[in-house]
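Commentary on secondary and tertiary structure
Listed below, chain by chain, are the residues.
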Amino acid sequence: MGPHPAVAAIRLAVRRVLHDILNDHSGSAGDTSSSGGSSHDSSHARPPSPLVLVACSGGADSMALASALAFEAPKLGIRAGGVTVDHGLQPGSDLRAEEVALRLRGLSLDPVESIAVTVGREGGPEAAARDARYAALDAAADRHGALAVLLGHTRDDQAETVLLGLARGSGIRSLSGMAAVSGGPGAARRYRRPFLQLDRQTARKACMVQALPVWDDPHNADPAYTRSRLRHEGLPALEKALGKGVVEALARTAQLSRDDADALDSWASQAAAAVRDAAGLLECAKLYALPPAVRRRVLRRAAIEAGAPAGSLFARHIEEVDRLITGWRGQGAINLPGKVVAQRQGGRLVIRQG
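Let me begin by describing the structure that accompanies this report. All values derive from a computational prediction rather than experimental measurement.

Let us now look at the side chain of Arg155. Mapped onto the elements of the fold, Arg155 is located in helix H5 (residues 155–168). Among the residues examined, Arg155 registers a relative accessible area of 17% and is labelled buried. Setting aside chain neighbours within four positions, we find Arg155 in contact with Phe195, Leu196, Gln197, Leu198, Asp199, Val247, Glu248 and Ala251.

Across the sheet, which stays open at both edges, the four strands sit in the order E7-E10-E9-E8 with antiparallel pairing between neighbours. In this open sheet, the two strands that pair with only one neighbour each are strand E7 (282–283) and strand E8 (334–336). Taken together, the six bridges between strand E9 (residues 340–345) and strand E10 (residues 348–353) define a ladder with antiparallel strand orientation. Within E10, the residue paired with Gln343 across the bridge is Val350.

What follows deals with helix H9 (residues 246–274). Between the first and last C-alpha of H9 there are 42 Å, a value that for 29 residues agrees with the 42 Å anticipated at 1.5 Å per step. All of the buried residues in H9 are Val246, Val247, Leu250, Ala251, Ala254, Ser257, Arg258, Ala261, Ala268, Ala271 and Ala272. Elements that come into contact with the buried residues of H9 comprise H5, helix H6 (172–175), helix H8 (226–242) and helix H11 (292–305).

What follows is about the packing of aromatic side chains. All told, the structure shown has one aromatic pair when counted by the stated rule. For the pair Tyr134 and Tyr191, a centre-to-centre distance of 5.1 Å together with 85° between the ring planes defines the contact as edge-to-face. One end of the pair, Tyr134, is in helix H4 (residues 125–144); the other, Tyr191, is in strand E6 (residues 187–192), and 57 residues separate them in sequence. Judged by its relative accessible area of 1%, Tyr191 falls in the buried class. Geometry around Phe71 places Arg11 over its ring, the cationic atom sitting 3.5 Å from the centre.

To continue, consider the nonpolar core. In this structure, Val14, Leu18, Leu69, Leu109, Leu150 and Phe195 are the most contacted members of the largest nonpolar core, which totals 35 residues. Not counting residues within four places of it along the chain, the set of residues in contact with Leu150 comprises Val14, Val17, Ile21, Val52, Leu53, Val54, Ala55, Leu65, Leu69, Arg192 and Pro194. In terms of nonpolar packing, the next biggest core, distinct from the first, is built from 26 residues, Leu282, Ala306, Ile325 and Ala342 among them.

Attention shifts here to the pairing of strand E2 (residues 79–86). Across the eight residues that make up E2, a large majority, seven, are buried. Judged from the five bridges that link them, strand E1 (residues 51–55) and E2 form a sheet pairing that is parallel. Note that in E2 the partner of Leu53 across the bridge is Gly81. For the segment spanning E1, helix H2 (residues 60–72) and E2, crossover handedness is right-handed. As defined by bridge partners, E2 adjoins strand E3 (residues 112–116) across five bridges and the pair is classed as parallel. Note that in E3 the partner of Val85 across the bridge is Ile115.

Scoring rules and cut-offs
Residues numbered from 1 in each chain as written. Predicted model: local features only at pLDDT ≥ 70, side-chain atom pairs only at ≥ 80, totals over all residues. Heavy atoms only, no water. Helix = DSSP H or I, 4+ residues; strand = E, 2+ residues; numbered from the N terminus. Buried < 20%, exposed > 50% of the residue type's maximum accessible area, 1.4 Å probe, protein only. Contact = heavy atoms within 4.5 Å. Pairing = 2+ DSSP bridges. Expected span 1.5 Å × (residues − 1). Phe/Tyr/Trp six-rings, centres within 6.5 Å; stacked < 30°, edge-to-face > 60°. Lys NZ or Arg CZ within 6 Å of the ring centre and 35° of its normal. Core = buried A, V, L, I, M, F, W, Y, C linked by side-chain atoms within 4.5 Å. Right-handed = clockwise from strand over helix to strand, strands pointing away.

If you want it as structure tokens, here you go:
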């Protein structure tokens, strides 16, 4: 008799991602067999098995992920380790993090680390905690030489992310949600999300049938947090009004939006060179001829290259710059974040540090 369907589903999702990681690794490693020397030279030690880490909070999603990684990795010759991050936002969080680390070791993961971080205030509590967490995970991956870090985000998390992007009104990239594969500093494909096609209940069921203890973070039920309100009030209200299937539809929207956004980004990257003159300045007439979605991407890219912080550059900023192209009435310079200024001069758009 095989494993419970929920357990089988999470293991299959992890197995597929591990195969992808190994394929990426073998492709980047290249063929070293022709580098000279004898293959029987005992002075060359066999390289260690590749390492994959799981980021684990102790919740059902990440504990299910950790258990699946512990089961699947050895069969593929992969070492499996774990990292838990103590954000220090609740009393006893350090003890909780140590408990999670013990559970990971109990799954035979090695290495296992519990990392304490200091959460700042920039961007609000949720964004600040996320920034601190990813910084810790990046550092751990670099320290241990891990090929990848697995994250337990589910289809439900993806639906919430799409709705939050919709509420911000910040364009199709926001609606594309979380990528199945994303990068960290110097590692374009470091983070992997195997569960984006699985719902939260599948992960919880997998923990229950395996008798895995889980911890429910009280912040996830705290109405002070936007995502918590969306999870417990917003999504249930949508399902009540529109019927079941809202979560699946939103997750599907994320993938379709990501495909479209990637295509537009590629188009904009090619167009960025074609709309500049010999001196490298943006030509307003050529910008005007571009489709709006492509033109605004070119403008955003130019603003960031001039020194505007990407995280502080919003749609309203780009719309103001765009009006220098499409609604020119002799208006003055546009001030952008990072002390960057955009102004129209003699048929050219100049974006530079003020």
